[in-house]
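# Tertiary structure, described
One letter stands for each residue in the lines below.
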Amino acid sequence: MDEANPYLLLTPGPLSTSPKVRAAMRRDYCTWDGEYKALVQSIRGELTTLASDRPHYTTVPMQGSGTFSVEATLGTVVPEDGKLLVIDNGAYGARIAEIARRLRIDLRVIRQPETEVADVRQIEQALRTDAAITHVAVVHCETTTGILNPIAEIGTLCARHEKTYIVDAMSSFGGIPLDMDAIGAHYLVSSANKCIQGVPGFGFVIAAVDALAACEGRARSLSLDLYDQWRAMEDDPGKWRYTSPTHVVRAFQVALEELADEGGVAQRYRRYRKNQHLLAEGMERLGFVPLLPREVQSPIITAFHYPRDRWFQFVPFYEALKRRGFVIYPGKVSTAETFRIGTIGHVFPDDIERLLVAAAEAIEECTAAHSAADAAANGLAL
């Protein structure tokens, strides 16, 4: 910890970054300058290589949060006469569906409980019986719960039925090994401030070139036209259509360098898994029960049930942890009271061990405060 960063962000993003990533934002860049455009081109190439070793993909950065890139993808690639199938087993699948409704895209939604992985049988049934479906969208890691959906199996179905496949890999790309050819994705969407460990400011879409090239004129938005953004960066390499987040881009390049120094995605995945295993086991020892079974739990974020003990209230527990240098996340599950703890970012096993010590102290503090409040209430009653 330092004065500039008094606590670790144990969230699914924005997340804690390294001092080198933050320091990279101290220099100003001109968006028209050749050095800056070369930097953008380098990032585009590195991201494409992370997604596949095949030459038929390209990367398109897009200003804004990851949701902007999701909306740019949906609004550009689904034609007016297309129909989108969305798998909704969490808040972010639901958000994709809401974007489609706002864009007036014809839509079919498979809704499932938030604690269940996407049901491949239901997807196959929908593709077999609804010929109007042209595109399928699914979230890889639903950070509502931390669940991982079977994107490779879904991709096989999309290929069999000749559907365009969109994967929201917002919270998994760069932290969980995946290959676009292996999963059969035409579009993969992620963000700078997730597992690559950059800072917020842009998302990116890794796309099959042939699929994207067919999207000219489809976009339902000017600034979120994914095709035009790609075309601009191809015609004037590295040049964004509108003002780009220059400081964030430079920080992201440093984050990519740190990913390579760590040993790549496979090694980062090992660290995240170790973080998550330590967290889950340690929290269980303290009486916190994970929401998901281990076999579907991602290494990205873990949801825990509220304890039944009368001392527990989320806000006092949250504040007690924050005073000790850790920020956690409230829950998003609609059917259970939960909170969530992320295990990605510039976070290491030693940090998780310190968190567990802090959690034990927070329990003692909250228990004592609850007992004192009970005693005061009983005294008043007498």
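Predicted model, so just to flag it, every value in this text is computed and none were measured.

Below, the discussion takes up helix α5 (residues 120-129). Along α5, the positions that sit buried rather than exposed are Val120, Ile123, Ala126 and Leu127. Along the axis of α5, the buried residues cluster in a sector spanning 125 degrees; they form a single face. Residues of α5 that are exposed and point more than 90 degrees away from the buried face comprise Arg121 and Arg128. The inward-facing, buried residues of α5 abut β3 (83-88), β4 (106-111), β5 (135-139) and α6 (151-160). The residue sitting at the N-terminus of α5 and contributing the capping side-chain oxygen is Asp119; that oxygen lies 2.9 Å from the backbone nitrogen of Arg121.

Moving on, we get to the pattern of salt bridges. Taken as a whole, this structure holds 18 salt bridges when the rule is applied. When the shortest N-O distance is used, the salt bridge between Asp236 and Lys37 registers 2.9 Å. Taken together, the residues Asp236 in the loop between α9 (226-235) and α10 (246-262) and Lys37 in helix α2 (residues 34-51) connect sequence positions 199 residues apart. The residue Arg268 makes a salt bridge to Glu262 at a minimum N-O spacing of 2.9 Å.

Strand order in the open sheet formed by 7 strands is β2-β10-β9-β8-β5-β3-β4, with mixed pairing between adjacent strands. Edge positions in the sheet fall to β2 (57-63) and β4, since each of these pairs with one other strand and no more. Taking each pair of neighbouring strands and ignoring which way they run, the sheet shows an average axis angle of 20 degrees. Alignment of β3 against β4, held across 6 bridges, turns out to be parallel. Across the sheet, Ile87 pairs through a bridge with Ile110, a residue of β4. Along the sheet, α5 makes contact with β3, β4 and β5, crossing β4 at roughly 150 degrees. On top of the sheet, α9 reaches β2 and β10 (202-208); it is set at about 110 degrees to β2, its chief contact.

Space inside the largest pocket adds up to approximately 420 Å³. Looking at the largest pocket, it is lined by 26 residues, and the ones nearest its centre are Thr67, Tyr92, Arg95, Met170 and Lys194. Elements supplying a minimum of two residues to the lining of the largest pocket: α3 (66-77) and α4 (91-102). Top contributing element to the lining of the largest pocket by residue count: α4, with 4 residues. Class assignment for the residues of the lining of the largest pocket results in 12 nonpolar, 10 polar and 4 charged.

Throughout the structure, instances matching the rule amount to 1 cavity of 30 Å³ or more. Its volume calculated, the largest cavity comes out at about 40 Å³. Looking at the largest cavity, the residues that line it are Glu71, Ala72, Gly75, Thr76, Leu103, Ala219, Arg220, Ser221 and Leu224. In terms of residue class, the lining of the largest cavity is built from 4 nonpolar, 3 polar and 2 charged.

Glancing now at the state of the cysteines. Within the structure shown, the criterion is met by 0 disulfides. With no disulfide of its own, Cys141 lies closest to Cys195 among cysteine sulfurs, the gap being 7.9 Å. Residue Cys141 is classed as buried on the basis of its relative accessible area, which comes to 4%. Cys215 takes part in no disulfide bond, and the closest cysteine sulfur, belonging to Cys158, lies 16 Å away. Since its relative accessible area comes to 1%, Cys215 is described here as buried.

Before going further, it helps to examine unusual backbone geometry. Cis geometry marks the peptide bond from Gly13 to Pro14, where omega comes out at 0 degrees. Counting through the fold element by element, Pro14 comes out in the loop between β1 (8-9) and α1 (19-23). Of note in the backbone geometry, Arg104 takes a positive phi value of approximately 60 degrees without being a glycine. Among the secondary structure elements, Arg104 is positioned in the loop between α4 and β4. You can call Arg104 exposed: its relative accessible area is 75%. For Gln197, which is not glycine, the phi dihedral falls at a positive 75 degrees. With respect to the helices, strands and loops of the structure, Gln197 is situated in the loop between β9 (187-191) and β10.

Cut-off values and rules
- Residues numbered from 1 in each chain as written.
- Predicted model: local features only at pLDDT ≥ 70, side-chain atom pairs only at ≥ 80, totals over all residues.
- Heavy atoms only, no water.
- Buried < 20%, exposed > 50% of the residue type's maximum accessible area, 1.4 Å probe, protein only.
- Helix = DSSP H or I, 4+ residues; strand = E, 2+ residues; numbered from the N terminus.
- Arc of directions from axis to C-beta.
- Contact = heavy atoms within 4.5 Å.
- Polar contact = N/O pair within 3.5 Å; in protein donor to acceptor, adjacent residues only side chain to side chain.
- Salt bridge = Lys/Arg side-chain N within 4 Å of Asp/Glu carboxyl O.
- Pairing = 2+ DSSP bridges.
- Axes fitted to C-alpha atoms, helices over the stretch in contact; angles between N-to-C directions.
- 1 Å grid on protein atoms, 1.4 Å probe; cavity = no way out; pocket = protein on both sides within 12 Å on 5 of 7 lines; lining within 4 Å.
- Points joined across faces, edges and corners; volume = space filled by probe spheres on them.
- Nonpolar A, V, L, I, M, F, W, Y, C, P; charged D, E, K, R; others polar.
- Disulfide = S-S within 2.5 Å.

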